[in-house]
Amino acid sequence: AWADISTGEFRLRDLPEPAPVTAQVLSSNNGETCICVICLARDAAKVEENLRAAGYARPAQAVRGIPSEVVQELEEDIRKQEETIRSLEKDIAGFSGRMDGYRIAADYYRSRAEKYRLLGTIPQSQNYFFMEGWVPADKADRIGWILSDKYGAHVEAEPLREDEVEPTVLKNNPFSEAAEGVLESYGLPQHGHVDPTTIMSFFYVIFFGMMLSDAGYGIVMFIACAVALIKFPDMAAGTKKMMKLFFWCGLSTTFWGIMYGGFFGDAIDVIARTFFGYTGDGIVKALWFEPLKDPMRLLIWCMLFGVIHLYVGLAIKGYEAIRAGDAVAFIADIVAWYMFLTGLILMLLPSDLFTSIAGMSFHFSPGLVYLSKWLAISGLVIIVLMSGRTRKNWALRIALGAYDIYGVTGWLSDVLSYSRLLALGLATGVIGNVINMMASMFGGGVVGAILFTIIFILGHTLNIGINALGAYVHTNRLQYVEFFGKFYEAGGRKFNPFHNVNKYVEVKEES
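Read on for a plain summary of the structure.

Conventions adopted
- Residues numbered from 1 in each chain as written.
- Predicted model: local features only at pLDDT ≥ 70, side-chain atom pairs only at ≥ 80, totals over all residues.
- Heavy atoms only, no water.
- Helix = DSSP H or I, 4+ residues; strand = E, 2+ residues; numbered from the N terminus.
- Expected span 1.5 Å × (residues − 1).
- Buried < 20%, exposed > 50% of the residue type's maximum accessible area, 1.4 Å probe, protein only.
- Axes fitted to C-alpha atoms, helices over the stretch in contact; angles between N-to-C directions.
- Left-handed = near helix turned anticlockwise from the far one by under 90°.
- Contact = heavy atoms within 4.5 Å.
- Nonpolar A, V, L, I, M, F, W, Y, C, P; charged D, E, K, R; others polar.
- Parallel < 35°, antiparallel > 145°, perpendicular 65-115°, else oblique.
- Phe/Tyr/Trp six-rings, centres within 6.5 Å; stacked < 30°, edge-to-face > 60°.
- Lys NZ or Arg CZ within 6 Å of the ring centre and 35° of its normal.

Taking 1.5 Å per residue, twelve residues should reach 16 Å; helix α4 (residues 140-151) reaches 16 Å between its end C-alpha atoms and fits that length. Of all the twelve residues making up α4, one are buried; the element is thus mostly uncovered. Where α4 ends, the next residue or the one after it, glycine 152, has phi of about 70 degrees, a positive value.

Here is the structure:
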């Protein structure tokens, strides 16, 4: 099939020649060509089939009639619709005084919709219904009493069935409950297992502060969170927990900033030198030490915190084993690893390798050196003999134990992961100092002060945003990968009781 648009001649499949078809190009731009094709009604289907094969298609909104008249009708319809919209907007604005009532009604019908959705799942007859569900153990007696005494229901509490798993309810102190959202994003613990939120919350706040590590940023963070919590007391529960978490992280950041001597980088010293002619060696002093001047010292401390963090995770695993009554697992999987790892660490500290890397040396007594070797060898033997204890074949058991020893490399990589506490802390301080240096390049005077203020505000706002995000992400990683990897098994199902679905209205009961 072919067509000569300029002459209007077509030669198409299944049609006589010349084809009884005429065509005219209406427009052609941006790779799109619009044509008008006229043919006999009996040939319309075949002509359209040939056009589709050539890549043409009918307009998405085909109209009948003279195009200019159709356009005029559509424009008139648009004008009428716009007038209708303006009239309706005016009517809606007149109801602004009733917004509180509309919000109450919206919450009321939203809750009723949830109620009837639940009722549709309850087996019932004309006179009876049967309802089964979970309630917290400390509230079961009172709920049973209310249902039976007030509503005449027959209530029974039954033990857990073999195929059932209880939902999980987290209960923590006011400080630790702020970190429940972090745990929930990873996965809830199963009922009956350890809830690590309390322990995790302390490490979380400490590590976040070490990564952001600037007193000025910490003050901004905890003040902003405090203002938000006070000004918006009715915010969603999840949002409130996150605000509380960042409030505590802000306090931790302030503490570590004071320890490291960072307040918006070296802003105070730069301002004193640039605008007041200060020539001393620094106004703000680190209460502990400055990481930029002694990074290896901080690296050693970061790894020490990492070892403590990992040891605590292993201790929780040991607690789970004791509670399950598995003494063999406690000795073979927990105590043996404590002995092996502690012995290796005590053997490493007085070595020349550690001295060359850390720049500090340890000297142990002969008794402690002997003890470290004994611990490492004893732990090694127990791991080799007991890791594959479920196997009857001793050769296979020892092979599995030897392979398990290879897991010490995983411990090494986990400990090295805590170097991010150093890396992010240094990044925050270095970038802050660079921002201050850039801001002070214009010297003193009014113009210099104005430019300094602009660069200072913009630069440190960007720095606190980027590094706070980095501290949040990497602190989560240390919990999820290193800490939880030693003991935690998620899989719990959140307890989600029936409740009023209130978006605008908060109902409080007062006695």
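Let us keep going from here.
Here the focus is the packing of helix α11 (residues 327-348) against helix α13 (residues 366-386). Two elements in contact, α11 and α13, have axes whose closest approach is 7 Å; the angle formed by their N-to-C orientations is 145 degrees. Considering only the axes of α11 and α13, their crossing is left-handed. Residue-level inspection shows Val328, Ile331, Ala332, Ala336, Trp337, Met339, Phe340, Thr342, Gly343, Leu344, Leu346 and Met347 of α11 in contact with α13, the latter providing Leu368, Ser372, Lys373, Trp374, Leu375, Ala376, Ser378, Gly379, Leu380, Ile382, Ile383 and Met386. Here the contact of α11 with α13 is composed, by residue class, of 18 nonpolar, five polar and one charged.

Orientation of helix α10 (residues 295-323) relative to helix α16 (residues 420-439), taken along the N-to-C sense of each, is 140 degrees, at an axis distance of 8 Å. The pairing of α10 with α16 is recorded here as oblique in orientation. Side by side, α10 and α16 meet where Pro295, Leu298, Leu299 and Cys302 of the first sit next to Leu421, Leu422 and Leu426 of the second.

All chains considered together, the criterion is met by 39 aromatic pairs. With 5.8 Å between their ring centres and 50 degrees between their planes, phenylalanine 354 and phenylalanine 362 make a pair best called tilted. Their ring planes at 65 degrees and their centres at 6.0 Å tell us that phenylalanine 487 and tyrosine 488 sit as a pair that is edge-to-face. Residue class for tyrosine 488 comes out buried when judged on its relative accessible area of 9%. Taken together, the ring pairs connect Tyr186, Phe203, Phe207, Tyr418, Tyr480, Phe483, Phe484, Phe487 and Tyr488 into an aromatic cluster. The lysine or arginine in question, arginine 397, covers the ring of tryptophan 394, its NZ or CZ lying 4.2 Å from the ring centre.

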